[in-house]
Amino acid sequence: MTLTVDRRYRLVYKPLLFIACLIPLGWALGGVLALGGLLPSMPLFDLGADPVRKVLGIVGKTTLNLLLITLAVTPLRQLTGNGYLIRLRRMLGVFAFFYACLHFMVYLGPFQGFSWDAITKDIVKRPYITLGFTALLMLVPLAITSTNGWMRRLKKRWQKLHRLIYPIAILGVWHYWWQVKQDIREPLIYATILAVLLGWRLWRWQQRRAATLKSAPPTARERT
Ligand code: HEM
């Protein structure tokens, strides 16, 4: 039995992507369970000397990875001509929000022990925390309006609103960069990937603009 592309996306690729997006959660949970003695300890689930920071790192990196993968969908679609890829974008974006919330919850609870005083001070006084928090707040309207209903209701404004993903990704990379003390190699890799993804859009936009200008009728001044 051969499946149509449409059904292949619905019945195979989307469920596979869903499972793939849950892997980092499984990894972090496995670590926590192994720490509590509920799972046999094994190297994969070893959270090291600072388990809370390790879990915070796993979910933080997953948020950033998913944001960049979400941003890679459009260039990939344009390069391959595969319009179906767009169907995977919403799930990637919603999972990015899910992991950002998880990251924040680990920060609030295990990391800061729900000390609201320390948390408020941190958000206000530590620039990298301020950046992360701003990115999280900006993700909220995107997550709320990610449904078909909101897409229909907002029409053209939906696309404009969802361009917030660009500053969010910049803030995410910046948040990571600012907390690294010495070895900036990893944040540099993230920043380079982000620059390529945003640069691609800028280049395409310039090309479209040049094409529109070329095809536009000459103005009165140009005619004389
Ligand atoms: C879109 C939002 C966010 C993204 C993409 C993000 C991403 C990241 C990344 C990639 C790391 C580094 C992980 C590692 O070193 O392995 C990190 C660490 C961290 N993030 Fe976030 N984050 C976000 C939001 C937040 C928020 C809202 C807070 C708290 C208010 C926060 C607090 C922290 C802290 C405390 C660390 C650990 C720093 C350390 O190890 O000293 N992040 N985050």
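Before reading on, note that the structure itself is shown above.
In what follows, the accompanying structure is described. All values derive from a computational prediction rather than experimental measurement.

Rules and cut-offs
Residues numbered from 1 in each chain as written. Predicted model: local features only at pLDDT ≥ 70, side-chain atom pairs only at ≥ 80, totals over all residues. Axes fitted to C-alpha atoms, helices over the stretch in contact; angles between N-to-C directions. Helix = DSSP H or I, 4+ residues; strand = E, 2+ residues; numbered from the N terminus. Parallel < 35°, antiparallel > 145°, perpendicular 65-115°, else oblique. Left-handed = near helix turned anticlockwise from the far one by under 90°. Contact = placed C-beta atoms within 7 Å. Nonpolar A, V, L, I, M, F, W, Y, C, P; charged D, E, K, R; others polar. Core = buried A, V, L, I, M, F, W, Y, C linked by C-beta atoms within 7 Å. Buried ≥ 20, exposed ≤ 12 C-beta atoms within 10 Å, placed from the backbone. Near = placed C-beta within 6 Å.

**What to know about the packing of helix H2 (residues 51–80) against helix H9 (residues 185–215)**
- Viewed as axis vectors pointing N to C, H2 and H9 meet at an angle of 25 degrees, and their least axial separation amounts to 10 Å. By the criterion of interaxial angle, the relationship of H2 to H9 is roughly parallel. Pair H2 / H9 crosses with left-handed handedness. Here H2 contributes Leu 64, Leu 68, Leu 71, Ala 72 and Pro 75 to the contact with H9, which in turn contributes Tyr 190, Ile 193, Leu 194, Leu 197 and Trp 200.
- Within the contact of H2 with H9, the residues separate by chemical class into 10 nonpolar, no polar and no charged.

**Observations regarding the nonpolar core**
- Val 55, Val 59, Leu 66, Leu 67, Ala 96, Tyr 99 and Val 173 are the most contacted members of the largest nonpolar core, which totals 34 residues.
- For this core, the secondary structure elements donating two or more residues are H2, helix H3 (89–111), helix H5 (127–144), helix H8 (165–179) and H9.
- Ignoring sequence-local partners within four residues, the contact set of Leu 67 consists of Ala 96, Ile 168, Ala 169 and Gly 172.

**Considering the environment of Arg 201**
- Looking at the secondary structure, you find Arg 201 in helix H9.
- The spacing of Arg 201 and Pro 75 is 126 residues in sequence and 7.7 Å in space, taken between C-alpha atoms.

**Thoughts on the site of the ligand**
- As a structural note, the neighbourhood of the ligand is formed by 23 residues, with Gly 57, Gly 60, Gly 132, Ala 135 and Gly 172 the closest of them.
- Elements with a contribution of two residues or more to the shell around the ligand: H2, H3, H5 and H8.
- Residue contributions to the shell around the ligand peak at 7 residues, all from H2.
- Its residues assigned to classes, the shell around the ligand comprises 13 nonpolar, 8 polar and 2 charged.

**Considerations on the packing of helix H1 (residues 5–35) against H2**
- The contact between H1 and H2 brings their axes to 9 Å, and the two run at 170 degrees. Here H2 runs roughly antiparallel to H1, going by the angle between their axes. Of the residues in H2, those touching H1 at Pro 24, Trp 27, Ala 28, Gly 31, Val 32 and Leu 35 are Pro 51, Lys 54, Val 55, Ile 58, Val 59 and Thr 62.
- Here the residues of the contact of H1 with H2 sort into 9 nonpolar, 2 polar and 1 charged.

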